[in-house]
Amino acid sequence: MSSDIRDEIESLRPVLVPEGEYPVIFRDWKKLWIFRRPVLVMFFEMAKENEHSGTLLPAYYRVIWNGDQFTAGWRSYFCRDYQQCFGAVDRNDQFDISKFEELIVLAEVREVTHDQEKRPLDKVNRYSRIGRLLKVISSMGISE
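We now turn to the structure provided with this report. Since this is a predicted model, take the numbers as computed values, not measurements.

**Observations concerning the environment of valine 24**
- Its place among the elements puts valine 24 in strand 1 (residues 20-34).
- Accessibility expressed as a relative area gives 0% for valine 24, which makes it buried.
- Spatially, the C-alpha atom of valine 24 lies 9.0 Å from that of leucine 57, the residues being 33 residues apart in sequence.
- In this structure, valine 24 is in contact with Phe44, Glu45, Met46, Ala47, Leu103, Ile104, Val105, Ala107 and Ile130, ignoring residues within four places of it in sequence.

**Focus on the layout of surface pockets**
- Of the voids in this model, the largest pocket is the one considered here, and its volume is about 830 Å³.
- Lining the largest pocket are 21 residues, with Phe35, Arg37, Tyr60, Tyr127 and Arg129 sitting closest to its centre.
- At 4 residues, strand 7 (residues 127-139) tops the list of elements feeding residues into the lining of the largest pocket.

**Points about the packing of aromatic side chains**
- Enumeration according to the criterion identifies 14 aromatic pairs in this entry.
- Here the aromatic rings of phenylalanine 44 and phenylalanine 100 are separated by 6.3 Å at their centres, their planes lie at 85°, and the arrangement is edge-to-face. Highlighted residues: phenylalanine 44 in strand 2 (residues 37-46) and phenylalanine 100 in the loop between helix 2 (77-86) and strand 6 (103-112), separated in sequence by 56 residues.
- Take phenylalanine 44: its relative accessible area is 0%, and that puts it in the buried class.
- By relative accessible area, which is 1% here, phenylalanine 100 ends up buried.
- Chaining the aromatic ring pairs together yields one cluster made of Phe26, Trp29, Phe44, Tyr61, Trp65, Phe70, Phe78, Tyr82, Phe86, Phe95 and Phe100.

**A short note on the nonpolar core**
- Core analysis: the biggest nonpolar cluster contains 30 residues, and Leu40, Met42, Phe78, Ile130 and Leu133 have the highest contact counts within it.
- Listed by contribution, the elements that provide at least two residues to this core are strand 1, strand 2, strand 3 (56-62), helix 2, strand 6 and strand 7.
- Apart from the residues lying within four places of it in its own chain, the contact partners of leucine 133 are Phe44, Tyr61, Asp81, Gln84, Cys85, Phe100, Val105, Leu106 and Ala107.

**With respect to helix 2**
- When we look at burial in helix 2, the residues that qualify are Phe78, Cys79, Asp81, Tyr82 and Cys85. The buried residues of helix 2 all sit within an arc of 165° when viewed along its axis, so they share a single face.
- Residues of helix 2 that are buried in the fold lie against strand 2, strand 3, strand 5 (69-71), strand 6 and strand 7.
- Two residues or fewer after helix 2 comes glycine 87, characterised by a positive phi angle close to 90°.

Conventions and cut-offs
- Residues numbered from 1 in each chain as written.
- Predicted model: local features only at pLDDT ≥ 70, side-chain atom pairs only at ≥ 80, totals over all residues.
- Heavy atoms only, no water.
- Helix = DSSP H or I, 4+ residues; strand = E, 2+ residues; numbered from the N terminus.
- Buried < 20%, exposed > 50% of the residue type's maximum accessible area, 1.4 Å probe, protein only.
- Contact = heavy atoms within 4.5 Å.
- 1 Å grid on protein atoms, 1.4 Å probe; cavity = no way out; pocket = protein on both sides within 12 Å on 5 of 7 lines; lining within 4 Å.
- Points joined across faces, edges and corners; volume = space filled by probe spheres on them.
- Phe/Tyr/Trp six-rings, centres within 6.5 Å; stacked < 30°, edge-to-face > 60°.
- Core = buried A, V, L, I, M, F, W, Y, C linked by side-chain atoms within 4.5 Å.
- Arc of directions from axis to C-beta.

Structure below.
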């Protein structure tokens, strides 16, 4: 990933996109701790030619990190999304994030309307994120 895209991701203000299913392209990932929990954050760019084209949205996954490798439980959101896109996996500690590169994936976009403590967010503070990855649509513009 180029440092330009990394810098852009770091400085982005969260955006609000209407809920729905959109084609997205994987751009980068990051290892974070959020609320004292290890998290994999994957960033996807909206691919459809519309007013939101080029918008970057995060997908958050709870995982267990071991260096730059991670394990995701069989019932975890990451394992489910990964298998939705690439089929069944034999082990839950051998995921390859690079498999998302060069693909267009159909994603469910959700609006975040409440904070961690279930308090409603005012409209000005609401934002969107990837809720689920549904399936691979195409590889580099070639329909599946």
